[in-house]
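# Results of the structural survey
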There are 2 protein chains.
Amino acid sequence: MDKKNVSIAVVKRLPRYFRYLGDLIKNDVLKVSSNELSKKMQVTASQIRQDLNCFGGFGQQGYGYNVLSLYNEIGNILGANRNYKVIIIGIGNLGNAIANNVNFEKRGAKLIGLFDVLPSIIGTVCNNLIVNSMENLESFCNEYKPDIAVLTLPKKEAPEIFKRLIKANIKSFWNFSNMELIAPEGICVENVHIGDSLMTLCYCIKTNEGK
Amino acid sequence: MDKKNVSIAVVKRLPRYFRYLGDLIKNDVLKVSSNELSKKMQVTASQIRQDLNCFGGFGQQGYGYNVLSLYNEIGNILGANRNYKVIIIGIGNLGNAIANNVNFEKRGAKLIGLFDVLPSIIGTVCNNLIVNSMENLESFCNEYKPDIAVLTLPKKEAPEIFKRLIKANIKSFWNFSNMELIAPEGICVENVHIGDSLMTLCYCIKTNEGK
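All of these numbers come straight from a predicted model, not from anything done at the bench. (Residues numbered from 1 in each chain as written. Chains lettered and ligands numbered in written order. Predicted model: local features only at pLDDT ≥ 70, side-chain atom pairs only at ≥ 80, totals over all residues. Heavy atoms only, no water.)

### Topic: the overall build of chain A
- Summing up its helical and strand segments, chain A has 8 helices and 10 strands in all.
- Along the three orthogonal principal directions, the C-alpha set of chain A runs to about 60 × 45 × 35 Å.
- Counting the 211 residues in chain A, one finds 50% classified as buried.
- Considering only residue pairs separated by 6 or more positions, chain A has 58% of its internal contacts joining residues 24 or more positions apart.
- Only carbon and sulfur atoms are counted for the fraction: they give 50% of the accessible area of chain A, which is about 10600 Å².
- Charged side chains of chain A number 25 positive and 19 negative; the gap between the two group centres comes to 5 Å. (Helix = DSSP H or I, 4+ residues; strand = E, 2+ residues; numbered from the N terminus. Buried < 20%, exposed > 50% of the residue type's maximum accessible area, 1.4 Å probe, protein only. Contact = heavy atoms within 4.5 Å. Areas by Shrake-Rupley, 256 points an atom, 1.4 Å probe, with all protein chains shown as cover. Lys, Arg positive; Asp, Glu negative; His and termini not counted. Charge placed at Lys NZ, Arg CZ, Asp CG, Glu CD.)

In structure tokens, the structure reads:
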């Protein structure tokens, strides 16, 4: 398998396949055709075949895909078996929601630490972890070597904390601060702007109204 | 301007342009070239020119784009001037984070109601709105006619509440329940799976490690 053939556009679609296949496994489905996947996912069957062909043709004509091998293969490509260590910086509502609702284990990660600056939040428990003070950030990173920092802190604090975390040797950032962070060489940043998809929805409403 | 020429892929990129141009306006920047936008946004200048050409060429050779008109034009296309009325169903941590952190007004929407089933949450105040009981959902919808429902409720409750809201005449859904909802004819659904971008990040880490 030549990994270089997997474009970032395909990679961005893979988590969705991964979720669907996970649901099929839960329902004891062993095989699935691109047509069945197409109906469920509202993507054309030819798009599905094209995407999955990118990393080797696992489908058999007239038989379909083996759900479990496809699930594992996509998981391997995405690194879902790597158990990357995650810390969350900022345990307000959004940090709390992410700590409690994101299934880290299933997605190749493990939540190991929570940090905040507010005395009213430090020491509280969230998803079985005690919220740590930001004062202990460097010693924690030194000891546990987290791979990923989730930034759920106010926009204006993001750039400084970003630099501090890079100094503490963290190489990957899942950034919800609404401050677009530009990744220096060797650093990965996934900037998430939740509100962007509200605008896509508004466009859809507007277009429907015009019909 | 022929709106049919704007593909959904371009539409999904427009909110990001909209945010950047909004920042430029805040900083009193009047003109911007595709090269400058390209550096800031880490997208090729040719991609930017192509995207913006989709809805009429606002740029002038050797002059660049007029920031304010481009901002307004993209806002118009996305429906950011429509003031769609929004309610949120489920005021746990995620509902709270969305109520407080998403700048609805800037994105063509207005938050008008919050709903929950838990007695401990009903009656509390969040972003200047009192959380309403789900028992009052239908009468509220009848009176205020919201356009969009944000679903920040548990996965297993999503399908039933989705049907109930459609009956109450809501036509658009911003869905964070992790239950992929399929839109019937005439209904818009934007399914958001926050965890998907964590997998894209894990892929990036894995790829960087392989270098």
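### Let's talk about the sheet that holds strand 9 (residues 172-175) of chain A
Residues and elements named next belong to chain A.
- If you walk across this open sheet you meet the 6 strands as 7-4-3-8-9-10, and the pairing is parallel. One side of each edge strand has no neighbouring strand; the edge strands of this open sheet are strand 7 (132-133) and strand 10 (188-191).
- The pairing of strand 9 with strand 10 spans 4 bridges and is parallel. If you follow Asn-175 over to strand 10, its bridge partner there is Asn-191. (Pairing = 2+ DSSP bridges.)

### Some remarks on the environment of A:Lys12
- Among the secondary structure elements, A:Lys12 is positioned in helix 1 (residues 8-26).
- Separated by 132 residues in the primary sequence, A:Lys12 and A:Tyr144 have C-alpha atoms spaced 29 Å apart.
- Excluding anything up to four places from it in sequence, A:Lys12 contacts A:Glu190 and B:Thr200.

### Quick look at the confidence of the model for chain A
- Looking at chain A, pLDDT values average 90 and 93% of them are 70 or higher.
- Prediction confidence for the complex, expressed as pTM and ipTM, is 0.90 and 0.89 respectively. (pLDDT = per-residue confidence, 0-100.)

### Things to note about the pairing of strand 8 (residues 172-175) of chain B
Residues and elements named next belong to chain B.
- Of the two faces of strand 8, the one carrying Ser-172 and Trp-174 and the one carrying Phe-173 and Asn-175 are both buried.
- Here strand 7 (residues 148-151) runs beside strand 8; their pairing, made up of 4 bridges, is parallel. From the neighbouring strand, Ala-149 faces strand 8, where its bridge partner is Phe-173.
- Crossover connection from strand 7 via helix 7 (residues 158-167) to parallel strand 8: handedness right-handed. (Right-handed = clockwise from strand over helix to strand, strands pointing away.)

### Quick word on the interface of chain B and chain A
- With 62 residues of chain B in contact, the opposing surface of chain A contributes 62 residues.
- A per-residue breakdown of the area chain B buries against chain A is headed by B:Met199, B:Tyr203 and B:Lys206, which together make up 14% of the total.
- Seen at the junction of chain B and chain A, the total is 10 salt bridges.
- Residues A:Glu209 and B:Arg82 are paired through a salt bridge, measuring 3.1 Å at the closest nitrogen-oxygen approach.
- Every element with two or more residues in the side of chain B that touches chain A is listed here: helix 1 (8-26), helix 4 (67-78), helix 5 (93-101), strand 8, strand 9 (188-191) and helix 8 (196-209) of chain B.
- Of the residues forming the side of chain B that touches chain A, the biggest block, 13 residues, is contributed by helix 8 of chain B.
- Its residues placed into classes, the side of chain B that touches chain A shows 32 nonpolar, 16 polar and 14 charged. (Buried area = accessible area lost by both parts, 1.4 Å probe. Salt bridge = Lys/Arg side-chain N within 4 Å of Asp/Glu carboxyl O. Nonpolar A, V, L, I, M, F, W, Y, C, P; charged D, E, K, R; others polar.)

### Notes on the state of the cysteines
- The tally for this structure, following the rule as stated, stands at 2 disulfides over all chains.
- Two residues share a disulfide in this structure: A:Cys204 and B:Cys188, whose sulfurs sit 2.2 Å from each other. Because the torsion about its S-S bond is -90 degrees, the bridge between A:Cys204 and B:Cys188 counts as left-handed. On the criterion of chain membership, the pair formed by A:Cys204 in helix 8 (residues 196-209) and B:Cys188 in strand 9 is interchain, its members lying in two chains.
- Residue classification places A:Cys204 among the partly exposed positions, given a relative accessible area of 27%.
- What makes B:Cys188 buried here is its relative accessible area of 2%. (Disulfide = S-S within 2.5 Å.)

### Thoughts on helix 8 of chain B
All names here are of chain B.
- The end-to-end C-alpha distance of helix 8, which contains 14 residues, comes to 20 Å, matching closely the 20 Å that a straight helix rising 1.5 Å per residue would cover.
- With respect to burial, helix 8 is a largely interior element, 10 of its 14 residues being buried.
- All of the buried residues in helix 8 are Asp-196, Ser-197, Leu-198, Met-199, Thr-200, Leu-201, Cys-202, Tyr-203, Ile-205 and Lys-206. (Expected span 1.5 Å × (residues − 1).)

### Some words on the relation of the copies chain B and chain A
- Rotating chain B by 180 degrees and moving it 0.0 Å along the rotation axis overlays it on chain A with an RMSD of 0.0 Å. The superposition of one copy onto the other is thereby described by a two-fold rotation axis. Residue B:Asn93 of chain B places its C-alpha closer to the rotation axis than any other residue of that unit, at 2.3 Å. (Least-squares fit on C-alpha atoms with pLDDT ≥ 70 in both.)

### A few points about the pattern of salt bridges
- This model, assessed by the stated rule, comprises 17 salt bridges over all chains.
- A salt bridge links A:Glu180 to B:Arg19; the shortest N-O distance between them is 3.2 Å. Separated into two different chains, A:Glu180 in the loop between strand 9 and strand 10 and B:Arg19 in helix 1 make up a pair that spans both.
- Here the salt bridges share partners, and the residues they tie into one network are A:Arg16, A:Arg19, A:Arg107, B:Glu180 and B:Asp196.

### Some words on unusual backbone geometry
- The residue A:Asn127 is not glycine, and still its phi comes out positive at about 50 degrees.
- Within the secondary structure, A:Asn127 sits in the loop between strand 5 (125-126) and strand 6 (129-130).
- The partly exposed category is assigned to A:Asn127, whose relative accessible area is 35%.
- For B:Asn83, which is not glycine, the phi torsion reads 55 degrees and is therefore positive.
- Tracing the chain through its elements places B:Asn83 in the loop between helix 4 and strand 3 (84-89).
- The exposure class of B:Asn83 is partly exposed, given its relative accessible area of 47%.

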